[in-house]
Number of protein chains: 2
Amino acid sequence: MTASPEPTSERHDAVEVIVAKRDGGTLTDSQIDWVVDAYTRGAVADEQMSSLAMAILLNGMDRREIARWTDAMIASGERMDFSSLSRPTADKHSTGGVGDKITLPLAPLVAACGVAVPQLSGRGLGHTGGTLDKLEAIPGWRAALSNEELMAQLESVGAVICAAGDGLAPADKKLYALRDVTGTVEAIPLIASSIMSKKIAEGTGSLVLDVKVGTGAFMKSLDRARELAETMVALGTGAGVHTVALLTDMSTPLGLTAGNAIEVAESVEVLAGGGPSDVVELTLALAREMLAGAGRDDIDPAEKLADGSAMDAWKAMIRAQGGDPDAALPVARESHVVVAPSSGVLTRLDAMAVGLAAWRLGAGRARKEDPVQAGAGVVWHARPGDEVTAGAPLFTLLTDDAGRFDRALASLDGGFDIEPAGTAYSPAPLVIERVG
Amino acid sequence: MTASPEPTSERHDAVEVIVAKRDGGTLTDSQIDWVVDAYTRGAVADEQMSSLAMAILLNGMDRREIARWTDAMIASGERMDFSSLSRPTADKHSTGGVGDKITLPLAPLVAACGVAVPQLSGRGLGHTGGTLDKLEAIPGWRAALSNEELMAQLESVGAVICAAGDGLAPADKKLYALRDVTGTVEAIPLIASSIMSKKIAEGTGSLVLDVKVGTGAFMKSLDRARELAETMVALGTGAGVHTVALLTDMSTPLGLTAGNAIEVAESVEVLAGGGPSDVVELTLALAREMLAGAGRDDIDPAEKLADGSAMDAWKAMIRAQGGDPDAALPVARESHVVVAPSSGVLTRLDAMAVGLAAWRLGAGRARKEDPVQAGAGVVWHARPGDEVTAGAPLFTLLTDDAGRFDRALASLDGGFDIEPAGTAYSPAPLVIERVG
């Protein structure tokens, strides 16, 4: 850990900074340093920061402002340093999507290729739990590690997925909670600086960003996703982190499961050399980018899936954090099967509809203090392009509380299309574009 | 007093309302009713309302939204009712300017014409104190009246200038304090609804708005002043209050004084039939509008100034509130004379420069809990168009604290122009436009 630099001593006034951005101006470095530091200290009030956040959302920030804002958030806390490790480091961040369990097979896979993966995660408010919630479905596994444990596990196992400490970018933590309740989440400068401040402070040598686009993603349009990706790649590159982004499809959910334990099970299938082809494809695409970023593009990650070394890394990673990788996973108490209403080809499965159903079944949380149900979620038995038969299972809904089925079923209404057999179906590419 | 109507029971969510306005939509009546009521109750937090206020400032509101917002603020408190009085009522509101003491001669003048003037004022954060601060320079005078005292004085004297109670539009009081610290004061929908909610709740039968334009005014451009005036006239008219606005010049300060006691003295000169011609002109113009609004345009207010009946009403008004209209006014302990640097014609005297000087001398307040100095202020000895002589007094600065002179003098730098004798000077009209 290195100490955070002292904030600039030049003084400003909250209203002056707000008015500058409100009136379409750019903020000076000194204004940005001051307002982020003063907000972290409590000298700028929540109601002032939220008004500034709305002005930023509506009037934007240029690249210099975003970079400075990111630096100021990094300076609010500690920075980690992995340079003492014997191997290079690479991290991955996804902007989040339905059925996105990619981190689970990816981290041990990349570790098996000789690159250390320090995956520090938050919990968030998604349709399902975050990566930590999914892993907590494994009996005994714990998310909290000390910095010493983290470093030791990175050296020995090569992969860590754990809770980010409170020391990284505390300004972001406070600002994120504020944005959540003030309608100011959707500002690209604030999203980009929030993600990148934590990743840069974390100290990874290289970073791959999976920026999702589509109905089940935060970014619904390709243009906005590209803008976010380009902004984050510029921030990472400017901070000396080798950074690349992939824009990937999130109109259709990933794999065949959205939940917690059921996504762990699907990830283990991938590590065993099987699993849904889209999950395998995206895991390998991201692994190749991480290896290239870490200077190890001589290694083919597909071989490490095939030869079992990724699975070995997974088991070592789970065991190192107290989990039993061979234990049975929790199962939901109640299940409900939805059958296909007609025969034909499944031509559309909407990520948002599936995500909302999983959330309503208890797989995600509405408030950050809520628990998630480990066994809850949605399994779909066909993916777009597959043939389906009237009366055969299309979805299995899982929950501990049967009272949740009705609202979950309602969210699947209109969430898929079945067209007559023989209808042409051309799948959209999973990896849409590469930025970096 | 009538009870406020119950707010709508339909429920909304703060983020939903913020996002609707943020994304350029119009708010529904139900959303507006809910958010204003919930904010007043504390169910919508300050940081949510400030984010909404910034979205309103940047994305605007249409006339329906502004009218509904105003109604919701009125519904947050009590409404007064003057229909039991034996005479019609007329009120005036000024958006504020430097040397604007017009309320002081105007209220007793209109009362002398047979129309009751219920002037309920706040204190504000202007260059000089508000109307209440000016009157408090008169020994014994008190601003606080009970509702019974207010009604009795309106019936007997016909004019009351007093502090508005906390019962009128409490939502506005809370919102105004929030806007002040969050850079969201300058939103025309919020300015218009703030002013008009209080005036409509007050229950006046007719209303004249003096909307100031120029360097010393809140509205620097004629276009924005006109938009504000039209918005307020529409709100008043829609609520059944006969409402007219005059757009008047505030590039040059009004009269020859900016302060508290010195503005009272100048007002008394006007009531005695003298005083600066611009103060007399604007007082009469506003009086004629108030009389017309109250259906008494058969009366010429100039006669009531000339025959002493306005002065009689003034003295009765001051005495009714405990003041001695014949007592000596407070005098500042220190004075400093600024002489004209050259001979010629004064062609410009900047209202902002004079206002800032008066404020720095102690005539106004920086924070709402600060006191004002009764004797402090600026007297100018020439008005634009007047000839001045090098070495003769141009300004007299007044304060209780000689340490304030330096900064006050600095604010007058560049605040006036003297051009060679014989330079043509054509004064701008004082009343620029009438809306209504």
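Keep in mind it's a predicted model, so treat the numbers as computed, not measured.

Conventions adopted
For every chain, the first residue of its written sequence is number 1, and the numbers climb from 1 along that sequence. Written order determines the labels here, with chains lettered from A and ligands numbered from 1. Local features in a predicted model are, by the rule used here, given only for residues with pLDDT of at least 70; side-chain atom pairs are given and counted only at 80 or more, and totals for whole chains, interfaces and linings are based on all residues. Excluding hydrogens and water, the side-chain figures rest on all heavy atoms present in the structure. We count a stretch as a helix when DSSP gives it H or I for four or more residues in a row; a strand needs E for two or more, and each element gets its number in order from the N terminus. To get the radius of gyration, use the C-alpha atoms; to get the globule rule, take the number of residues to the power 0.38 and multiply by 2.2 Å. Each residue's exposure class comes from its accessible area (1.4 Å probe, protein chains only) as a fraction of the maximum for that residue type: buried when under 20%, exposed when over 50%, partly exposed otherwise. Calculation of accessible area relied on Shrake-Rupley with a 1.4 Å probe; when residues are assessed, cover is drawn exclusively from the protein chains displayed. Charged residues are defined here as Lys and Arg on the positive side and Asp and Glu on the negative side; His and the ends of the chain fall outside this count. A charge is said to be at NZ when it belongs to Lys, at CZ for Arg, at CG for Asp and at CD for Glu. For this analysis, residues touch if any pair of their heavy atoms sits within 4.5 Å. In short, buried area is how much 1.4 Å probe accessible area vanishes from two parts on joining, totalled over both. Here, a salt bridge means any Lys or Arg side-chain nitrogen found within 4 Å of an Asp or Glu carboxyl oxygen. Side-chain atoms alone can form a polar contact between residues adjacent in sequence; in general such a contact is a pair of N or O atoms within 3.5 Å, and within protein one must be able to donate a hydrogen while the other accepts it. Only Asp, Glu, Lys and Arg are considered charged in this grouping, and only Ala, Val, Leu, Ile, Met, Phe, Trp, Tyr, Cys and Pro are considered nonpolar; every other residue, Gly among them, is considered polar. Each aromatic pair joins two rings of Phe, Tyr and Trp (for Trp, the six-membered one) with centres within 6.5 Å, and gets the label stacked for planes under 30 degrees apart, edge-to-face for over 60, and tilted for any other angle. In this scheme, Lys NZ or Arg CZ marks a charge over a ring once it lies within 6 Å of the ring centre and within 35 degrees of the ring normal. Alignment of the copies relies on least squares applied to C-alpha atoms, considering only residues that score at least 70 for pLDDT in both. Here the rule is simple: two strands pair whenever DSSP picks up at least two bridges between them. All axes here are fitted lines through C-alpha atoms, helices being fitted over the stretch that makes contact, and every angle between N-to-C directions spans 0 to 180 degrees. Note that the domain bounds were set by an automatic or database domain assignment. The definition of a nonpolar core used throughout is a set of buried Ala, Val, Leu, Ile, Met, Phe, Trp, Tyr and Cys residues joined through side-chain atoms within 4.5 Å. Should an angle fall under 35 degrees it is called roughly parallel, over 145 degrees roughly antiparallel, and 65 to 115 degrees roughly perpendicular, with every other angle called oblique. Each helix crossing is assigned a hand: it is left-handed if the near helix lies turned anticlockwise from the far helix by less than a right angle, otherwise right-handed if that turn is clockwise.

A few words now on the overall build of chain A. Looking only at helices and strands, chain A features 16 helices and 13 strands. Taken against the 2.2 N^0.38 rule, which gives 22 Å for 436 residues, the C-alpha radius of gyration of chain A at 22 Å falls within 12% of a compact globule. Structurally, chain A occupies a C-alpha span of about 70 × 45 × 40 Å along its principal axes. By residue count, 54% of the 436 residues in chain A fall in the buried class. Entry remark: accessible area of chain A is about 16300 Å², with carbon and sulfur atoms responsible for 51%. Positive and negative charge centroids in chain A, built from 38 and 59 side chains respectively, lie 2 Å apart.

The next point concerns the interface of chain A and chain B. Often the size quoted for an interface is simply the accessible area lost on bringing the parts together. At the interface, 21 residues of chain A touch 21 residues of chain B. Here chain A and chain B share an interface that buries about 1600 Å² over both sides, 64% of which is from carbon and sulfur atoms. For the interface between chain A and chain B, the tally reads two salt bridges. Here chain A is connected to chain B by 11 residue pairs in polar contact (both at pLDDT 80 or more). Counting residues per element, the side of chain A that touches chain B draws most heavily on helix H3 (residues 46-59) of chain A, at 10 residues. Here the residues of the side of chain A that touches chain B sort into nine nonpolar, seven polar and five charged.

Bringing the environment of Ser-50 of chain A into the picture now. Within the element layout of this structure, Ser-50 of chain A appears in helix H3. Sequence-distant contacts of Ser-50 of chain A, that is, excluding residues within four places in its chain, are made with Leu-178, Thr-182 and Thr-184 of chain A together with Glu-47, Ser-50 and Ser-51 of chain B.

All right, on to the packing of aromatic side chains then. With the rule as written, the count across this model stands at two aromatic pairs over all chains. Note that Lys-174 of chain A overlies the ring of Tyr-39 of chain A, its terminal NZ or CZ placed 4.4 Å from the centroid.

Our next topic: the relation of the copies chain A and chain B. Aligned on chain B, chain A shows an RMSD of 0.1 Å; the corresponding rotation is 179 degrees and the shift along the axis is 0.0 Å. In symmetry terms, the pair is related by a two-fold rotation axis. The C-alpha atom lying nearest the rotation axis in chain A is that of Glu-47 of chain A; the distance is 1.8 Å. Same-surface contact between copies: 100% of interface residues of chain A are shared with the interface of chain B.

All names here are of chain B. Strand order in this open sheet of four strands is E1-E4-E5-E13, and the pairing throughout is mixed. A strand with exactly one partner marks an edge of an open sheet, and here the two such strands are strand E1 (90-94) and strand E13 (431-435). The average undirected angle you get between the axes of adjacent strands in this sheet is 20 degrees. The pairing of E1 with strand E4 (residues 206-213) spans five bridges and is classified as parallel. Each residue of the ladder has a partner; that of Lys-92, found in E4, is Val-208. Sitting on the sheet, helix H10 (residues 222-238) touches E4, strand E5 (242-249) and E13, and the angle it makes with E5 is about 165 degrees.

Let us look at the sheet that holds strand E8 (residues 344-349) of chain B. Residue and element names in this part refer to chain B. Taken in spatial order, the three strands of this open sheet run E10-E8-E12, and their pairing is antiparallel. The sheet terminates laterally at strand E10 (387-388) and strand E12 (416-419), the two strands that pair on one side only. The pairing of E8 with E10 spans two bridges and is antiparallel. When the bridges of E10 are listed, Val-345 appears paired with Glu-387.

All names here are of chain B. Summarising burial for strand E3 (residues 159-163): four of the five residues are buried, a large majority. Relative to E3, strand E2 (residues 117-121) is paired through five bridges, and the arrangement is parallel. Within E3, the residue paired with Ser-121 across the bridge is Ala-163.

Another aspect to go through is the domain arrangement of chain A. The domain boundaries assigned to chain A delineate domain 1 (2-78), domain 2 (85-166 + 182-320) and domain 3 (334-419). Between domain 1 of chain A and domain 3 of chain A, the C-alpha centre-to-centre distance is 43 Å.

Here we come to the nonpolar core. The biggest cluster of nonpolar side chains holds 124 residues, and the ones touching the most others in it are Trp-69, Leu-209 and Val-211 of chain A together with Trp-69, Leu-209 and Val-211 of chain B. Here Trp-69 of chain A is in contact with Ile-32, Val-35, Val-36, Met-49, Leu-52, Ile-56, Met-61, Leu-175, Leu-190 and Ser-193 of chain A, once residues within four sequence places are set aside. Core analysis: the next-biggest nonpolar cluster, separate from the first, contains 70 residues, Val-115, Leu-286, Val-354 and Ile-418 of chain A among them.

A few words on the packing of helix H4 (residues 63-75) of chain A against helix H9 (residues 188-202) of chain A. All names here are of chain A. As a packed pair, H4 and H9 sit with axes 9 Å apart at the nearest point and diverge in direction by 45 degrees. Relative to H9, H4 is oriented oblique. Of the two possible hands of crossing, H4 and H9 adopt the one that is right-handed. Along its contact with H4, which presents Ile-66, Trp-69, Thr-70, Met-73 and Ile-74, the element H9 presents Pro-189, Leu-190, Ser-193, Ser-194, Met-196, Ser-197, Ile-200 and Ala-201. Class assignment for the residues of the contact of H4 with H9 results in nine nonpolar, four polar and no charged.

Taken as a whole and judged by the stated rule, the model has 56 salt bridges over all chains. The salt bridge involving Arg-226 of chain B is made with Glu-433 of chain B; its shortest N-O contact spans 2.7 Å. You can see Arg-226 of chain B sitting in helix H10 and its partner Glu-433 of chain B sitting in strand E13, a full 207 residues away along the chain. When its relative accessible area of 22% is taken as the criterion, Arg-226 of chain B is described as partly exposed. What makes Glu-433 of chain B partly exposed here is its relative accessible area of 25%. Salt bridges here are not isolated pairs; linked through shared partners, they connect Asp-29, Asp-33, Arg-64 and Arg-68 of chain A.

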